[in-house]
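Secondary and tertiary structure notes
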Amino acid sequence: MRVGILGSGLMGGKLGTIFARAGHHEVVFSYARGQEKLERLARDAGPQARASTPAEAAREADALLLAVHWSRVDDVLHRAGDLSGKVIVTCSLPMNAQDTGLVIGHTASGAEELAKKVPKARVVCAFNTVPSEVLFGVFESRDRADKPSLVYCGDDSDSKRIAAELIRDAGFDPVDAGPLRIARYTEPFALLVAQLAYEGAGGPELAYRFEWLGKGR
Ligand SMILES: NC(=O)c1ccc[n+]([C@@H]2O[C@H](COP(=O)([O-])OP(=O)(O)OC[C@H]3O[C@@H](n4cnc5c(N)ncnc54)[C@H](OP(=O)(O)O)[C@@H]3O)[C@@H](O)[C@H]2O)c1
């Protein structure tokens, strides 16, 4: 696939690198505060990757990863231009400016609000329940039989199939959690995972206890 990265920070930078190394046809890193950073990411990710603008990342993309702070969503969408028909896989959580809480919740979700902002695009919510620190480790052990599971949700079956492929390429076992409105539950869950990963005594490994619990370990 041709994958456009909208937001090349901790999540976008790592996932873009992983998609390029997984053998995708093209990965375009876009949207950072400096062009130099985008170019370094592209160099490190390999020959399939390049750096460009959000509009260029979106133009030919089969899938777009949206990985920006909630406060930057409108800006990056504006720069990306016409997203009609595009598959947008969002890991962006609707956090407040201080990153202390969700600004949308209970009866709506960031993913659903995003879908309203780009009604002609096809939005899938994925990758937000995993701390960026574990992404390379999961990718490097992608051949193991018991992969960690990763939930995704969306309303369009073709775009969900594409998201599931990207999730699998990153080394996870994709778990279809249902329609996009399920993001109302996965987004607060993502905060719980982050709380445990960043603030718990055990660090990111704690996030995996949820996977293990389900398998009775
Ligand atoms: N990090 C995690 O573990 C994690 C896990 C789950 C979900 N999420 C969600 O994923 C989304 C992205 O998180 P992240 O940790 O990857 O954030 P991040 O590292 O801050 O990445 C955001 C990207 O946006 C760019 N950016 C910010 N302001 C900009 C501006 N004014 N102009 C151009 N580019 C700008 C940043 O540029 P620079 O690179 O130059 O800073 C960076 O590349 C967030 O919604 C977060 O809630 C994150």
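Remember, predicted model here, so these are calculated numbers, not experimental data.

This part is about the overall build of the chain. The number of helices and strands found in the chain is nine helices and eight strands. For 217 residues, the compact-globule formula gives about 17 Å, and the C-alpha radius of gyration of the chain, at 16 Å, lands near that figure. When the backbone C-alpha atoms are referred to their principal axes, the chain occupies close to 45 × 40 × 35 Å. Out of the 217 residues belonging to the chain, those deemed buried represent 51%. Summed over all atoms, the accessible surface of the chain reaches about 10400 Å², with 50% contributed by carbon and sulfur. When the 27 positive and 28 negative side-chain charges of the chain are each reduced to one mean point, those points stand 0 Å apart.

Taken together, the neighbourhood of the ligand is formed by 20 residues, with Met11, Arg33, Lys37, Val68 and Tyr198 sitting nearest. Taking Leu10, its main chain carries an N or O atom lying 2.9 Å from an oxygen atom of the ligand. In the model, a nitrogen atom of the ligand is placed 3.1 Å from a nitrogen or oxygen of the Arg72 side chain. Coverage of the ligand by the protein chains reaches 79% of its 880 Å² of free accessible surface. When the residues that make up the shell around the ligand are grouped by side-chain class, the tally is 11 nonpolar, six polar and three charged.

To continue, consider the nonpolar core. The biggest cluster of nonpolar side chains holds 38 residues, and the ones touching the most others in it are Phe19, Phe29 and Phe127. With residues near it in sequence (within four places) discarded, Phe127 still touches Met11, Leu15, Phe19, Leu65, Val89, Cys91, Leu150, Val151, Leu166, Ile167 and Ala170. By size, the runner-up hydrophobic cluster in this structure holds 28 residues, among which are Leu6, Ala61, Ile88 and Ile182.

Here the focus is the packing of aromatic side chains. All told, the structure shown has one aromatic pair when counted by the stated rule. The positively charged end of Arg142 is found above the aromatic ring belonging to Phe139, 4.0 Å away from the centroid.

Below, the discussion takes up the sheet that holds strand 6 (residues 122-126). Taken in spatial order, the eight strands line up as 3-2-1-4-5-6-7-8 in an open sheet, and their pairing is mixed. A single partner strand is all that each edge strand has here, and the edge strands are strand 3 (49-51) and strand 8 (173-176). Mean inter-strand twist for the sheet, computed between neighbouring axes without regard to direction, equals 25°. Relative to strand 5 (residues 87-90), strand 4 (residues 63-66) runs parallel, the two being bridged by three bridges. Directly across from Leu65, in strand 5, lies its bridge partner Val89.

Attention now goes to the pattern of salt bridges. If you walk through the whole model with that rule in mind, you get 13 salt bridges. When the shortest N-O distance is used, the salt bridge between Glu112 and Arg184 registers 2.8 Å. A residue pair is termed long-range when its members are at least 10 positions apart, and Glu112 in helix 5 (residues 110-117) and Arg184 in helix 8 (residues 183-199) qualify at 72 residues. Overall, Glu112 belongs to the buried group, its relative accessible area being 15%. Through salt bridges with shared partners, one network takes in Glu26, Arg50, Glu56 and Arg59.

Axis separation between helix 1 (residues 10-21) and helix 2 (residues 35-45) bottoms out at 9 Å; the angle between their running directions is 30°. Both helix 1 and helix 2 take part in a crossing whose hand is right-handed. Of the residues in helix 2, those in contact with Gly13, Thr17, Ala20 and Arg21 of helix 1 are Leu41, Asp44 and Ala45. By residue class, the composition of the contact of helix 1 with helix 2 is three nonpolar, two polar and two charged.

On to the confidence of the model for the chain. Mean pLDDT over the chain stands at 92; residues scoring 70 or higher make up 91%. The low-confidence segment residues 209-217, where pLDDT is below 50, has 10 contacts with residues more than four positions distant or belonging to other chains.

Turning next to the side chain of Lys86. Topologically, Lys86 is positioned in the loop between helix 4 (73-80) and strand 5. It turns out Lys86 is buried and unbridged, and the closest side chain with the opposite charge, Asp62, is 6.9 Å from it. Excluding residues that lie within four positions of it along the chain, Lys86 makes contacts with Ala58, Arg59, Glu60, Ala61, Leu64, Lys120, Ala121 and Arg122.

What counts and what doesn't
Residues numbered from 1 in each chain as written. Predicted model: local features only at pLDDT ≥ 70, side-chain atom pairs only at ≥ 80, totals over all residues. Heavy atoms only, no water. Helix = DSSP H or I, 4+ residues; strand = E, 2+ residues; numbered from the N terminus. Rg over C-alpha atoms; globule rule 2.2 N^0.38 Å. Buried < 20%, exposed > 50% of the residue type's maximum accessible area, 1.4 Å probe, protein only. Areas by Shrake-Rupley, 256 points an atom, 1.4 Å probe, with all protein chains shown as cover. Lys, Arg positive; Asp, Glu negative; His and termini not counted. Charge placed at Lys NZ, Arg CZ, Asp CG, Glu CD. Near = heavy atom within 4 Å. Polar contact = N/O pair within 3.5 Å; in protein donor to acceptor, adjacent residues only side chain to side chain. Nonpolar A, V, L, I, M, F, W, Y, C, P; charged D, E, K, R; others polar. Core = buried A, V, L, I, M, F, W, Y, C linked by side-chain atoms within 4.5 Å. Contact = heavy atoms within 4.5 Å. Phe/Tyr/Trp six-rings, centres within 6.5 Å; stacked < 30°, edge-to-face > 60°. Lys NZ or Arg CZ within 6 Å of the ring centre and 35° of its normal. Pairing = 2+ DSSP bridges. Axes fitted to C-alpha atoms, helices over the stretch in contact; angles between N-to-C directions. Salt bridge = Lys/Arg side-chain N within 4 Å of Asp/Glu carboxyl O. Left-handed = near helix turned anticlockwise from the far one by under 90°. pLDDT = per-residue confidence, 0-100.

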